[in-house]
Amino acid sequence: MSLIWWILPAIAGVIGLMLLFAGFGRLAKLQPMSGAGRLVFGVGFLGLAGIVAFAGLNLQTYKRLTLERDAAHIRFDAIEGQPDTYQATVTLPQEVDPQIYRLHGDEFSIGAQVIKFKPLANMLGYDSVYRLDYLEGRYADRYSTREVTVAETNGTRLFENPGIDVRKLAAEQGARFGLEDAQYGSATYMPMGDGYEFDISITQDALVARPTEPTKLKMQRAAYPGYKPGPETRQ
């Protein structure tokens, strides 16, 4: 949030306090009209400071609670001679070298563990924290509507868990530190295809997978054979 939302109420508050003290001083000198006028203006400036401060907090709430951060970029390349098998190249924002995995299926799922703070903590700058959990390949039609069936998936864990398990600690002690949802999982899934690329981001609440523009076109062509983009799409 811009510092202006703290500077303005601070200035208004200082002016308000100066006028209040000046007003009380005038009243002490038996100058009721001058003192009352300063008191009125002092209260007005203090009220203005409060309004601006709460407005700034409200705006920060909108910014913080909808803040979206990059979590990963994933590209899939078909492995020749192996149907429905793809090389997944995962690039994380904080890492230089990408990680490469082999997945099987027609769609992928990526999940994360999330620790979420209360809105007041968000306003003070404590955003949700997350840790990518897994990446898996699977088939979209792996289940039946007629009965409960067993489905196979394949994937990899995306993290190591050294030292103290913060997620477990948050679940047990979260209320003491102002955590709202001490822990929960969030996942998103999309189809896999040769050359498909996705930007994975996370908000205060959930993972979001967005295909790149070339991938959107490939997905549309796969779903609707013969599809040709219009002028707006090509732009």
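Residues numbered from 1 in each chain as written. Predicted model: local features only at pLDDT ≥ 70, side-chain atom pairs only at ≥ 80, totals over all residues. Heavy atoms only, no water.

Another point: the sheet that holds strand β8 (residues 197-202). Judged by pairing direction, the sheet is antiparallel, and its 5 strands sit side by side in the order β3-β2-β1-β8-β9 without closing on themselves. Looking at strand neighbours, the two that pair on one side only are β3 (99-104) and β9 (207-211), the edges of this open sheet. Ignoring strand direction, the axes of neighbouring strands in this sheet form an average angle of 25°. Looking at chain direction, β8 and β9 are connected through 5 bridges and run antiparallel. Within β9, the position partnered with Phe 198 by the bridge is Pro 211. Set on the sheet, helix α5 (residues 213-223) makes contact with β8 and β9; between it and β9 the angle comes to about 75°. (Pairing = 2+ DSSP bridges. Helix = DSSP H or I, 4+ residues; strand = E, 2+ residues; numbered from the N terminus. Axes fitted to C-alpha atoms, helices over the stretch in contact; angles between N-to-C directions. Contact = heavy atoms within 4.5 Å.)

Burial analysis of strand β2 (residues 85-91) places 5 of its 7 residues in the buried class, the great majority of the element. Judged from the 6 bridges that link them, strand β1 (residues 69-78) and β2 form a sheet pairing that is antiparallel. Paired with Asp 77 across the bridge in β2 is Gln 87. Where β1 folds back onto β2 in an antiparallel hairpin, the turn is made up of 6 residues, including Gly 81, whose phi is positive at roughly 80°. The pairing of β2 with β3 spans 6 bridges and is antiparallel. In the strand pairing of β3, Tyr 86 is matched with Leu 103. (Buried < 20%, exposed > 50% of the residue type's maximum accessible area, 1.4 Å probe, protein only.)

On inspection of all chains with the given rule, the structure shows 4 aromatic pairs. Ring centres 4.9 Å apart and planes at 40° place the aromatic pair Phe 76 and Phe 108 in the tilted group. Of the two residues, Phe 76 sits in strand β1 while Phe 108 sits in strand β4 (residues 107-117), which places them 32 residues apart along the sequence. A relative accessible area of 0% places Phe 76 in the buried class. Using a relative accessible area of 0% as the deciding quantity, one classes Phe 108 as buried. With 6.4 Å between their ring centres and 70° between their planes, Tyr 196 and Phe 198 make a pair best called edge-to-face. As far as the burial class goes, Tyr 196 and Phe 198 line up, both buried. Among the aromatic residues, those joined into a cluster by ring pairs are Phe 76, Phe 108, Tyr 196 and Phe 198. Above the face of the Phe 159 ring, Arg 157 is positioned so that its terminal group lies 4.3 Å from the ring centre. (Phe/Tyr/Trp six-rings, centres within 6.5 Å; stacked < 30°, edge-to-face > 60°. Lys NZ or Arg CZ within 6 Å of the ring centre and 35° of its normal.)

A few words on the pattern of salt bridges. Here the structure, examined in full by the defined rule, presents 7 salt bridges. We note a salt bridge from Arg 75 to Glu 197, for which the minimum N-O separation is 2.8 Å. Of this pair, Arg 75 sits in strand β1 while Glu 197 sits in strand β8, and the two are 122 residues apart along the sequence. What makes Glu 197 partly exposed here is its relative accessible area of 23%. Across the pair Glu 213 and Lys 216 runs a salt bridge whose closest N-O atoms are separated by 3.2 Å. Of this pair, Glu 213 and Lys 216 are both found in helix α5, 3 residues apart, which corresponds to roughly one turn of the helix. Classification of Lys 216 by relative accessible area gives partly exposed; the value is 35%. Via salt bridges that share partners, Glu 107, Glu 136, Arg 138 and Arg 142 belong to a single interconnected network. (Salt bridge = Lys/Arg side-chain N within 4 Å of Asp/Glu carboxyl O.)

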